[in-house]
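Architecture and fold: a report
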Amino acid sequence: MVVKDLAYGHGAIPVAQHAVKAGCKRLAVATMDEAIGLRDAGIKVPILIFGERTTEELKYCLKESLTCFVNDAATIKAYDKLASQENLRAIVHLEIDSGLSRYGVRWSEAKAVIQLLADQKNLLFTGIMSHFAMSDELDKTFANEQLRRFNEVLAWITGNNITAGCRHMCNSGGFLDLPQAHFDMVRTGILPLGVYPSQVCRRIQGIEPIMSVKTKVAAIRVLQPGDTVGYGMRYEATETRRIAVLPVGYGDGYPRVRNAGHVLICGKRAPIIGGNAMDAMMVDITDIPQAQVWDIVTLLGKQGNDEINAHEIAKLKGSVSYDILAGWRSRLPRIYKDSP
Ligand SMILES: *Cc1c(COP(=O)(O)O)cnc(C)c1O
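Scope of this entry: the structure provided in the associated data block. Counting restarts for each chain: residues are numbered from 1 in the order of the written sequence. Thresholds applied to this predicted model are a pLDDT of at least 70 for local features of residues and 80 or more for the giving and counting of side-chain atom pairs; totals over whole chains, interfaces and linings are not thresholded and use all residues. Water and hydrogen atoms play no part in the side-chain values, which are based on all heavy atoms of the structure.

Moving on: the site of the ligand. The rule for a residue being near a molecule or strand is that one of its heavy atoms must lie within 4 Å of it. Residues in contact with the ligand amount to 14 residues; listed here are only the nearest, K4, Y8, S172, G189 and Y322. Here a polar contact means two N or O atoms within 3.5 Å. Within protein one must be a hydrogen donor candidate and the other an acceptor candidate, and residues neighboring in sequence count only if both atoms are side-chain atoms. Y8 is positioned such that a nitrogen or oxygen atom in its side chain is 2.5 Å from an oxygen atom of the ligand. R187 places a polar side-chain atom, nitrogen or oxygen, 2.9 Å from a nitrogen atom of the ligand. Contact with the protein chains hides 94% of the accessible area of the ligand, taken as 390 Å² for the molecule alone. Grouping the amino acids of the shell around the ligand by side-chain chemistry returns six nonpolar, five polar and three charged. Where accessible areas are quoted, they stem from the Shrake-Rupley method and a 1.4 Å probe; at the residue level, only the protein chains shown are allowed to cover. The residue classification treats Ala, Val, Leu, Ile, Met, Phe, Trp, Tyr, Cys and Pro as nonpolar and Asp, Glu, Lys and Arg as charged. All others, Gly included, are polar.

Quick look at the packing of aromatic side chains now. Only centres within 6.5 Å qualify two rings of Phe, Tyr or Trp (six-membered ring in Trp) as a pair; their planes then separate them into stacked at under 30 degrees, edge-to-face at over 60, and tilted for everything else. Counted according to the given criterion, the structure contains four aromatic pairs. When the ring of Y8 is compared with that of Y322, the centres are 5.8 Å apart and the planes differ by 50 degrees; the resulting orientation is tilted. In this pair, Y8 sits in helix 1 (residues 4-9) while Y322 sits in helix 10 (residues 321-327), placing the two residues 314 residues apart along the sequence. Taking 6.4 Å as the distance between ring centres and 40 degrees as the angle between the ring planes, the aromatic pair formed by F50 and F69 counts as tilted. One end of the pair, F50, is in the loop between strand 2 (47-49) and helix 4 (55-63); the other, F69, is in strand 3 (residues 67-69), with 19 residues separating them in the sequence. For the pair F50 and F69, one class covers both residues: buried. Over the ring of W107 we find R149, and its NZ or CZ is 3.9 Å from the ring centre. Going along the chain from the N terminus, every DSSP run of H or I of four or more residues is numbered as a helix, and every run of E of two or more is numbered as a strand. Three labels apply to residues, based on accessible area from a 1.4 Å probe with only protein chains included: buried if under 20% of the type maximum, exposed if over 50%, partly exposed otherwise in between. Cation placement over rings: the criterion is NZ of Lys or CZ of Arg within 6 Å of the ring centroid and within 35° of the ring normal.

A separate point is helix 4. Residues L58, C61 and L62 constitute the buried set of helix 4. Taken around the axis of helix 4, the buried residues stretch over an arc of 95 degrees, which confines them to a single face. Residues of helix 4 that are exposed and point over 90 degrees away from its buried face: E56 and K63. Every residue pair with non-hydrogen atoms within 4.5 Å of one another is taken to be in contact. The inward-facing, buried residues of helix 4 contact helix 3 (32-40), strand 2, strand 3, helix 5 (73-85) and strand 4 (90-97). Remark: S65 follows helix 4 within two positions and exhibits a positive phi of approximately 50 degrees. The reported arc concerns the directions from the helix axis to the C-beta atoms and nothing else.

Further remarks concern the side chain of H10. Topologically, H10 is positioned in the loop between helix 1 and helix 2 (12-21). Overall, H10 belongs to the buried group, its relative accessible area being 6%. Here the side chain of H10 touches A7 through a polar contact of 2.9 Å, landing on its backbone oxygen. Those residues within four positions of H10 in sequence are excluded, and the remaining contacts are V15, L193, I210, M211, L325, R334 and Y336.

Turning our eyes to something else, we now look at helix 7 (residues 141-159). Counted at 1.5 Å a residue, the expected span for helix 7 with its 19 residues is 27 Å, and the 27 Å between its end C-alpha atoms agrees. Among all positions in helix 7, only A143, Q146, L147, R149, F150, V153, L154 and I157 are buried. Along helix 7, the residues classed as buried sweep out an arc of 160 degrees about the axis, all on the same side. Exposed side chains of helix 7 directed beyond 90 degrees from the buried face belong to T141 and G159. Where the residues of helix 7 are buried, they touch strand 4, helix 6 (111-119), strand 6 (123-129) and strand 7 (166-170). Here, expected helix span is obtained from the residue count minus one, scaled by 1.5 Å.

Here you go:
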């Protein structure tokens, strides 16, 4: 499971521990600190670090048995030398850039790098991967082209009697929609958290978001006609309205909005009015007369028969669900409940 960026805001260590307990065999992160954090928490499964590493970082990877990528001749030689100095064999994977134009060696130029990697005595070439640019949209044309390019590389490897170990290509979108690309392992991040990577990918049973975000009504006020609400006076009451003040804002990771978005109170939708502040926002509860101070308010998740999901909040800032999940700030305490 991919647990980068605090497992998309859920908390890397609790999520990783839970995943491992549930049978997950490997973890992946994006930075050195994330990997070391997992090791310090006593997590022993193989950890893959995406991206490129400096020579300093390679030393850590070797010491902590972290799996990193070596995608060019200079890094391959440097890491082999480091490993030989320590009399160790370093575990490495190779990334093939099949069209994302991010990390890795370009598929059409990979042969020399693969041969060099396979020839190193102190590097254990245990995996080869590629990453999709568009796997969760309806049009799979480019995803299939990337798969064709990756397969071309794999065929060359087999034809040259090189063993590249674990082959992996799929993120959550690929896992759902591109079974022909599953290979030996998939790298899912968002899906095990119960959130689909897009609105159009395949739906499977048992996927429910594990994260909800809640606050409480901190105050209730009654507006008179002509009263304005919040910084910038973005809302003006034209009649008597009852509003609730919530002690959360963009400083907690909720998008900066103006008269947009909803929260759930007493199982009902209450619209956000005015511009939300760093620490507070106001919602209209005129139609929810039963709402009281300290009632629980759901910003993200289910309440009663209604639900606000990450895609809905993402639209408020023209972004994606990933950004919303990972965007909740550290000042919102995380509370973990065991799944039933
Ligand atoms: C983030 C990431 C993933 C996970 O993607 P999801 O869509 O969350 O499943 C997989 N592979 C790489 C290289 C990534 O950077």
